[in-house]
Amino acid sequence: MIKRTISKLAQEAGVNVETIRFYEKKGLIQQPQKPIQGYRQYPDETLERIRFIKRAKELGFTLDEIAHLLSLEELPCSQVQALSQHKLNTVQAKIKDLNRLEKALIELLKQCNNNEDESCCPVIDSLQP
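Residues numbered from 1 in each chain as written. Predicted model: local features only at pLDDT ≥ 70, side-chain atom pairs only at ≥ 80, totals over all residues. Heavy atoms only, no water.

J.: What is the right way to look at the overall build of the protein chain in this model?
T.: Secondary structure summary: the protein chain contains six helices and zero strands in total. The globule rule puts the C-alpha radius of gyration for 129 residues at 14 Å, and the 23 Å found for the protein chain is more than 25% above it. Its C-alpha atoms put the protein chain at 75 × 35 × 25 Å along the principal axes. Within the protein chain, buried positions represent 24% of all 129 residues. Residue pairs at least 24 apart in sequence account for 47% of intrachain contacts in the protein chain once pairs closer than 6 positions are excluded. Total accessible area computed for the protein chain in this model is approximately 9,700 Å², and 54% of it derives from carbon and sulfur atoms. (Helix = DSSP H or I, 4+ residues; strand = E, 2+ residues; numbered from the N terminus. Rg over C-alpha atoms; globule rule 2.2 N^0.38 Å. Buried < 20%, exposed > 50% of the residue type's maximum accessible area, 1.4 Å probe, protein only. Contact = heavy atoms within 4.5 Å. Areas by Shrake-Rupley, 256 points an atom, 1.4 Å probe, with all protein chains shown as cover.)

In structure tokens form, the structure reads like this:
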């Protein structure tokens, strides 16, 4: 088992030292005991946990959701599946909203392109109550 200082851990994990300290404060990773002399040494498990957190964040999970996922490590897959299904539903709803927004913006830009009155803007007009 390789042990590393916080700066080496940050480098290997692709995060900064402040991120590691933040994860420690949030309880996502454990801070090792400080020896009488020298620096705290972080084990391989901490590096793997940080990599897990980064992957989960890339998938759109919040830190609170990630903490919940980490707490489920020893529990049945069905509970993790339920949380993942909820996240998928949320993502799908956001995609629908973004698609509606995209269509609305395309239409507004078409109106702008056909607008001959520079004193009036279809985008601004559409936002007025």
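J.: I tried to follow the nonpolar core on my own but got confused; where do I start?
T.: Buried together is how nonpolar side chains tend to be arranged in soluble globular proteins. If you look at the biggest cluster of nonpolar residues, it comprises 21 residues, and the most contacted ones within it are Ile20, Tyr23, Ile50, Ile53 and Ile66. Where this core is concerned, the elements lending two or more residues are helix 1 (6–13), helix 2 (17–25), helix 3 (44–58) and helix 4 (63–71). (Core = buried A, V, L, I, M, F, W, Y, C linked by side-chain atoms within 4.5 Å.)

J.: In this structure, what is going on with helix 1? I would like to understand it.
T.: For the α-helix, the turn length of 3.6 residues means that residues three or four positions removed from each other point alike. The set of residues buried in helix 1 consists of Ile6, Leu9, Ala10 and Ala13. The buried side chains of helix 1 occupy one side of the element, clustering within an arc of 100 degrees when seen end-on. Contacts made by the buried residues of helix 1 are with helix 2 and helix 3. Gly14 lies just past helix 1 and shows a positive phi near 75 degrees. (Arc of directions from axis to C-beta.)

As far as function goes, none of this settles anything; it's purely spatial.
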